[in-house]
Amino acid sequence: MTDIYPVKPAVAEKAHITEPQYFEMYKRSVEDNEAFWAEQGKRIDWIKPYSKIKDVSFQKDDLHIRWYYDGTLNVCANCVDRHLPEKANDTAIIWEGDDPNVSQHISYQALFDNVCRFANVLKARGIQKGDRVTLYMPMIPEAAYAMLACARIGAIHSVVFGGFSAEALAGRIIDCKSKLVITADFSNRGGKQIPLKQNVDAASAIKGVSDYLESVLVIKNSDTSVAWNDAQDYWYHEILETVDTDCPAVEMDAEDPLFILYTSGSTGKPKGVLHTSGGYIVYASMTHQYVFDYHPGDIYWCTADVGWVTGHSYIVYGPLANGATTLMFEGVPNYPDHSRFWQICDKHKVQTCYTAPTAIRALMREGDEPVKSTSRETLSLLGSVGEPINPEAWHWYYEVVGDSHCPIVDTWWQTETGGILISPLPGATPLKPGSATRPLFGIQLALVDSDGNELQGEADGNLIIKDSWPGQMRTVYGDHQRFIDTYFSAFDGVYTTGDGARRDKDDYYWITGRVDDVLNISGHRMGTAEVESALVAHHDVAEAAVVGYPHDIKGQGIYVFVTLNVGVEASDALEKELVQWVRKEIGPIASPDLIQWAPGLPKTRSGKIMRRILRKIAENDFENLGDTSTLAEPAVVDDLIANRKNR
Ligand code: 6R9
């Protein structure tokens, strides 16, 4: 039996959407899709109002996606200007530095002034509408100013996560032909300085970059000096002194590009996911308001980095479009100590905390005390994103962090989707730990088998989406064919998510992980996430990653990498115990065949376990580990190879 957490009356009472309203609105959003989105479009200020709502075909020989396509607007003006004058003195951004003694409140007026001046600095560097600008930034307010400044003048930003290497940065500069990179001298994380400018210098030296890159704009974020190239480098603060404060927002077509964001696929080089202006901002605004049940005055915190789509939609664009107060944190969860997240909640009186399961599990590993030493009395809503949250972590988040009174919104979406597609709504959806629950308005989900046949009722299959929504990506930058091939070719006439999901008897969706992570053990389908979830439910296990490897008898065997909790000793007895544990939790078909103790797991810098690498290790295929440049700690891989289990 799955536990169910009913909606608490106090939450429903203040909520934008209650359960009956959800069902009524969802029905209307599907049956009268254009009317629904025509209405939602009004949450945005248009320069020229739209009369056309939607022009979409998911057929691969006629693929096109357009929303609000005869309207014009400016996204920056929607996030900043339109909140003046009423909210001029309200806080738009609370910035919390890596150093716990440093924070800053930025009002909507200050945001407006900063963004206008930043936009004029861009113009001073020759940036015009349609130009691509790469951001390689720390989590400082200037990152948000830079994004909004681009939007203001119609330049297309491409934010590259500050943890990516010079090579990765170079590839992304070349792919979108950026003529400007905005960076900082250093980024401060966990008390350490990370040399961003030095990485940009290294990227500039890589073949091909100088074909496009003309200048590097550097924000001063430390007192340490950096190497300087007079021909290319410009201090932001120096140009700032020369520019005007006035900068009109450029009128953009709804379908003009807003940003490019690179994301890895299962093969090939990263794809430049392109989002456009009108539909994206309508969708980001709607989902931020409903999923986080945002009310004026709430302090909302999304712990992501602006280098990921979550940072784009739910630190910058969604909250600011709604005139919210959004918290931006420069640092990491474990500095100066493991209470930092919760200290921030207390310091800034945070209502909503939106983070990732990987952070939750890492903090859970440290025990309850670092949480319990804080009050968290203002917290009323918790959120999760990025990977399936295992029930063990869910319960800890709910009971220990949320003191059993904060609903958890487990939000499923992708860089490609622009915003959240599946999630509980706090006042409308009874929760089941580990389920992203129900689709949001206008999102028509379906499950199909490998031949594309739609499955009905309780089922397990490929998660696909039958119709468009305004926040959907429009193309892969510079490679429209790749867009078609990746998302519209596996199954006819639908958007293929690449994820598997199960629908239960209550029509709740349970994401089972990437389709390529599903194992087939003796003909039984088994989600790696399911086995992992069972393992991490054991009190000695901090984290687990499960991959398949070729098995003579079963087809695929289960290879498990386990990180133990601090203070727990690995032993043969514990290995046997874990096998028994999984058999008990799921059944004998899920018995791990091989367990390897892992001091750490290979993760991307955004915290996703790189199963591709683990799969190769499990297969003894060390020659073809592929690109490991995006790993947070490449050394982890060497240890895993040295200590791999023989089969
Ligand atoms: C927003 C983001 C997308 C992939 C997606 C899925 C996984 C995201 C999830 C989830 C289960 C959730 N994913 N949210 N899986 N439950 N709540 O993470 O975008 O970095 O593009 O990743 O992440 O596999 O397909 P992105």
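An unreviewed UniProt entry lists the chain under the name Acetyl-coenzyme A synthetase, from Aliikangiella marina. Quoted verbatim from the Sequence similarities (unreviewed entry) field of UniProt, the annotation for the chain is "Belongs to the ATP-dependent AMP-binding enzyme family." Database annotation for the chain, UniProt heading Cofactor (unreviewed entry): "Mg(2+)".

Enquirer: How should I be thinking about the overall build of the chain in this particular structure?
Expert: When its secondary structure is counted, the chain shows 20 helices and 31 strands. For the chain, the C-alpha radius of gyration of 24 Å lies close to 26 Å, the compact-globule estimate for 647 residues. Judged by the C-alpha coordinates and their principal axes, the chain covers about 70 × 60 × 55 Å. Pairs at least 24 residues apart make up 71% of the contacts formed inside the chain by residues separated by at least 6 positions.

Enquirer: Can you help me understand helix α6 (residues 141-153) in this one?
Expert: Helical periodicity: at 3.6 residues per turn, an α-helix aligns residues three or four positions apart in one direction. In this model, α6 (13 residues) spans 19 Å end to end at C-alpha, consistent with the 18 Å of a helix rising 1.5 Å per residue. Here α6 lies mainly inside the structure; 12 of its 13 residues are buried.

Enquirer: Is there a simple way to explain the packing of aromatic side chains in this structure?
Expert: Note on aromatic pairs: each is described by the distance of the centres and the angle between the planes. Within this structure, the stated rule accounts for 38 aromatic pairs. Residues Y290 and F441 carry aromatic rings whose centres are separated by 5.8 Å and whose planes lie at 85 degrees to one another, so their mutual orientation is edge-to-face. Taken together, the residues span a long stretch of sequence, with Y290 in helix α10 (residues 278-291) and F441 in the loop between β20 (408-411) and β21 (445-448) at a distance of 151 residues. For F441, a relative accessible area of 1% translates into the label buried. Joined through ring pairs, the aromatic side chains of Y22, F23, Y26, F36, W37, W46, Y50, W67, Y68, Y283, Y290 and F441 make up one cluster. When the ring centre of Y290 is taken as origin, the NZ or CZ atom of R43, which lies over that ring, is 5.5 Å away. If you follow R502 out to its NZ or CZ, it ends over the ring of W510, 5.1 Å from the centre.

Enquirer: What is the right way to read the nonpolar core from this model?
Expert: One broad rule of soluble globular proteins: the nonpolar side chains tend to lie buried together. Within the largest apolar cluster, 140 residues are counted, with the highest numbers of intra-cluster contacts made by L111, F118, L122, L148, I182, Y317 and F441. Aside from chain neighbours lying at most four places away, what touches Y317 is V75, C79, M147, L148, A151, H157, L258, F259, Y280, I281 and H312. One finds F341, I344, C345 and L363 within the second-largest nonpolar core, a separate group that totals 29 residues.

Enquirer: Sorry if this is basic, but what is going on with the site of the ligand here?
Expert: Lining the immediate surroundings of the ligand are 16 residues, of which D410, T411, T415, D499 and R514 lie closest. With respect to the ligand, the side chain of T415 contributes an N or O atom lying 2.6 Å from an oxygen atom. Starting from 530 Å² of accessible surface for the ligand in isolation, the protein chains cover 89%. Partitioned by chemical class, the residues of the shell around the ligand number six nonpolar, five polar and five charged.

Enquirer: Can you walk me through the pairing of β20 in this structure?
Expert: Note on strand geometry: in a regular strand, side chains alternate between the two faces of the sheet. Side-chain alternation along β20 places I408 and D410 on one buried face and V409 and T411 on a second face that is also buried. By the bridge criterion, four bridges tie strand β19 (residues 381-385) to β20 in an arrangement that is parallel. Along β20, the bridge assignment pairs G383 with V409. One crossover worth recording links β19 to the parallel β20 by way of helix α15 (residues 391-401), and it is right-handed.

Enquirer: Quick question: what am I supposed to make of the side chain of S158 here?
Expert: Checked against the element boundaries, S158 lands in strand β7 (residues 156-159). With residues near it in sequence (within four places) discarded, S158 still touches V133, T134, L135, C176, I260 and Y262.

Enquirer: It is not clear to me how the pairing of strand β23 (residues 459-465) should be interpreted in this structure. Could you clarify?
Expert: For β23, a buried count of six out of seven residues is recorded, marking the element as mostly surrounded by other parts of the structure. For β21 and β23, the ladder comprises four bridges, and the chain directions are antiparallel. Along β23, the bridge assignment pairs V448 with N462. Of the strand pairs in this sheet, β23 and strand β25 (residues 495-503) are connected by six bridges, and their pairing is antiparallel. Considered in β25, the bridge of G461 is made with A501.

Enquirer: When you look at the packing of helix α17 (residues 528-536) against helix α18 (residues 572-585) in this model, what are you seeing that I'm missing?
Expert: With their axes 9 Å apart at the nearest point, α17 and α18 run at an angle of 120 degrees to one another. As the angle between them shows, α17 and α18 are arranged oblique. Crossing geometry of α17 relative to α18 is assigned as right-handed. Of α18, the residues touching α17 (which contributes V531, A534 and L535) are L578, W581, V582 and E585. Across the contact of α17 with α18, the residue classes break down as six nonpolar, no polar and one charged.

Enquirer: Can you help me understand the pattern of salt bridges in this one?
Expert: Opposite charge on two side chains allows them to pair when their charged atoms are near. In the structure shown here, the tally under the stated rule is 29 salt bridges. R361 is the partner of E543 in a salt bridge, and the nearest nitrogen-oxygen pair spans 3.3 Å. Of the two residues, E543 is situated in strand β29 (residues 541-551) and R361 in helix α13 (residues 357-364); the sequence distance between them amounts to 182 residues. Accessibility assignment for this pair places E543 and R361 in one class, buried. Among the charged side chains, a network of salt bridges with common partners joins R361, E387, E543 and K603.

Procedures and definitions
Within every chain, residues take consecutive numbers counted from 1 along the sequence as written. For this predicted model, a pLDDT threshold of at least 70 governs which residues receive local features, and a threshold of 80 or more governs which side-chain atom pairs are given and counted, while totals over whole chains, interfaces and linings are taken from all residues. By convention in this description, side-chain values take in all heavy atoms of the structure and omit both hydrogens and water. UniProt positions are given in the numbering used here, feature names are shortened, and annotations may be inferred rather than shown by experiment. Secondary structure counts use DSSP, requiring at least four H or I residues in a row for a helix and at least two E residues in a row for a strand, with both numbered from the N terminus. Note on method: radius of gyration uses C-alpha positions; expected globular size equals 2.2 Å times residues raised to 0.38. What makes two residues a contact is simply this: any of their non-hydrogen atoms within 4.5 Å. Expected span of a helix: the number of residues minus one, times 1.5 Å. When a residue's accessible area, from a 1.4 Å probe over protein chains only, is under 20% of the maximum for its type it is buried; when over 50% it is exposed; and in between it is partly exposed. Two rings from Phe, Tyr or Trp (for Trp, the six-membered ring) form a pair when their centres are within 6.5 Å of each other. A pair whose planes differ by under 30 degrees is stacked, one over 60 is edge-to-face, and the rest are tilted. To sit over a ring, a charge needs its Lys NZ or Arg CZ within 6 Å of the ring centre and within 35 degrees of the ring normal. Take the buried residues of types Ala, Val, Leu, Ile, Met, Phe, Trp, Tyr and Cys, join any two whose side-chain atoms come within 4.5 Å, and each joined set is a nonpolar core. We call a residue near a molecule or strand as soon as one heavy atom of that residue lies within 4 Å of the molecule or strand. Residues adjacent in sequence count toward polar contacts only when both atoms are side-chain atoms; beyond that, a polar contact is any pair of N or O atoms within 3.5 Å, and within protein one must be able to donate a hydrogen and the other to accept it. Where accessible areas are quoted, they stem from the Shrake-Rupley method and a 1.4 Å probe; at the residue level, only the protein chains shown are allowed to cover. Residues are sorted three ways: Asp, Glu, Lys and Arg are charged, Ala, Val, Leu, Ile, Met, Phe, Trp, Tyr, Cys and Pro are nonpolar, and all the rest, Gly among them, are polar. DSSP calls a pair of strands paired once it identifies at least 2 bridges connecting them. By convention a crossover is right-handed if, when the strands point away from the viewer, the path from the first strand over the helix to the second runs clockwise. The angle between two axes is taken between their N-to-C directions and runs from 0 to 180 degrees, where each axis is a line fitted to C-alpha atoms and a helix contributes only its stretch in contact. Should an angle lie under 35 degrees it is considered roughly parallel, over 145 roughly antiparallel, and from 65 to 115 roughly perpendicular; all remaining angles are considered oblique. The sense of a crossing depends on the near helix, which, turned anticlockwise from the far helix by less than a right angle, makes the crossing left-handed and, turned clockwise, makes it right-handed. A pair is scored as a salt bridge if a Lys or Arg side-chain nitrogen falls within 4 Å of a carboxyl oxygen belonging to Asp or Glu.

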